[in-house]
Amino acid sequence: MSLDNFLQEMDDKQVKAYQEMPLFDTTQTSQWTDEQRKYFVKVFYHTRGHFDRLLWTRLVYAPSAEAKKQILHYMAEEAGLPDVHGGQNLTSHEILFGRFAESLGVELTPELTEDGYYLPFAREFNNGLVRWFRTHDWESGVVGFSAYERLDNVDYEFMYDLARSLTLPEKALEFFVVHKQADHFDKTSSELPQIWEKDPVKVRDAFCFIYEHQQKMWKNLSDSVFNYK
């Protein structure tokens, strides 16, 4: 199997799994109560609001100056600086998410310090990512991070539709638009063909972990929101 075929196979399996989740069924999410919507935002925040810990871990353990610079550039983009040498300033992803939350009547500032809705499954999701990256060699981490970024495009196609089902103004959905259109996989996958040629099992293992770990998180989030009273 070629690398391209493997990647497409992984994407197709993930899409099929997502299509079976209530979380990604807009006929169901459009019926959420106001309280469910607010609960969703607060819990969902913690499934992506601790990404900085993974980035910092990658940065401090990076084996070369070039690897550190790549991660710093990525962090700058997350913060709203796509060009660290003086390009146009953009709004950070954190602020974009905050706007989405505010459109549903949620102020996220308390979650920054109190973690009131940082549920055990979300905490294990974030800890599990850091744990995996710290217990595998750097090359595996390169593959895993690339897998994470590829999955973003798959995930946020579904998340954008979910957010639209909440009948919000388009401006409130910018966070989802930015992520579903992101080209981060292209920027993080340059070493992938070479690693695949040398050790396809390493690529398979990394992608399988990232995709399955993410799928489990969405399933838990789905159950949590739909069971919320």
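Look a little higher up for the structure.
The rules behind the values
One numbering rule holds for all chains: residues counted from 1, following each sequence as written. Given that the model is predicted, a residue must reach a pLDDT of at least 70 before its local features are reported, and side-chain atom pairs must reach 80 or more before they are shown or counted; all residues, however, enter totals for whole chains, interfaces and linings. Side-chain metrics in this entry use all non-hydrogen atoms of the structure; hydrogen atoms and water are not considered. Under the scheme used here, helices are H or I runs from DSSP no shorter than 4 residues and strands are E runs no shorter than 2 residues, and both carry numbers assigned from the N terminus. Between the first and last residue of a helix there are one fewer steps than residues, each counted as 1.5 Å, and that sum is the expected span. Only heavy atoms matter for contacts: two residues are in contact if any of them lie within 4.5 Å across the pair. Whether two aromatic rings pair depends on their centres lying within 6.5 Å, for rings of Phe, Tyr and Trp, where Trp uses its six-membered ring; planes under 30 degrees apart make the pair stacked, over 60 edge-to-face, and the rest tilted. Using a 1.4 Å probe on the protein chains alone, a residue whose accessible area is under 20% of its type maximum counts as buried, one over 50% counts as exposed, and one in between counts as partly exposed. Two conditions define a charge sitting above a ring: the NZ of Lys or the CZ of Arg must be within 6 Å of the ring centre, and it must be within 35 degrees of the ring normal. Put simply, a nonpolar core is a bunch of buried Ala, Val, Leu, Ile, Met, Phe, Trp, Tyr and Cys residues held in one set by side-chain atoms that sit within 4.5 Å of each other. What makes a salt bridge here is a side-chain nitrogen of Lys or Arg within 4 Å of a carboxyl oxygen of Asp or Glu, nothing more.

(A) Molecular detail of helix H8 (residues 120–134). The end-to-end C-alpha distance of H8 is 21 Å, a good match for the 21 Å that 15 residues give at a rise of 1.5 Å each. Each element contacted by the buried residues of H8 is listed here: helix H3 (34–48), helix H4 (51–61), helix H9 (138–164) and helix H13 (200–226).

(B) Representation of the packing of aromatic side chains within the structure. Taken as a whole and judged by the stated rule, the model has 28 aromatic pairs. When the ring of Phe 24 is compared with that of Phe 158, the centres are 5.2 Å apart and the planes differ by 55 degrees; the resulting orientation is tilted. With Phe 24 in the loop between helix H1 (3–19) and helix H2 (26–29) and Phe 158 in helix H9, this residue pair connects regions lying 134 residues apart in the sequence. Accessibility classification places Phe 24 together with Phe 158 in one group, the buried group. Each ring, one from Phe 40 and one from Phe 44, has its centre 5.3 Å from the other, and the planes form 10 degrees; the classification is stacked. With a gap of four residues between them, Phe 40 and Phe 44 both fall in helix H3, about one helical turn apart. In this structure Phe 44 comes out as buried when scored by relative accessible area, which is 0%. Above the plane of the ring of Tyr 118 lies Arg 123, whose end atom (NZ or CZ) is 4.1 Å from the centre.

(C) Representation of the nonpolar core in the model. Counting 66 residues, the largest nonpolar core has Phe 40, Phe 100, Phe 207 and Trp 218 as the members making the most contacts within it. Looking at this core element by element, the count peaks at 13 residues for H9. Beyond its immediate chain neighbours, meaning those up to four positions away, Phe 100 contacts Phe 40, Val 41, Ala 163, Leu 166, Leu 168, Ala 172 and Phe 176.

(D) Quick peek at the pattern of salt bridges. Inspection of every chain in the model, using the stated rule, returns 13 salt bridges. Of the charged contacts, one joins Arg 150 and Asp 11 as a salt bridge, the two residues approaching to 2.9 Å between their closest N and O atoms. Taken as a pair, Arg 150 in helix H9 and Asp 11 in helix H1 lie far apart in primary sequence, 139 residues in all. Owing to a relative accessible area of 9%, Asp 11 belongs among the buried residues under this scheme. Between Lys 171 and Glu 174 there is a salt bridge; the shortest N-O distance is 3.4 Å. By relative accessible area, which is 55% here, Lys 171 ends up exposed. Look at Glu 174 and you get partly exposed, because its relative accessible area is 28%. Residues participating in the shared-partner salt-bridge network are Asp 137, Glu 139, Lys 198 and Lys 202.

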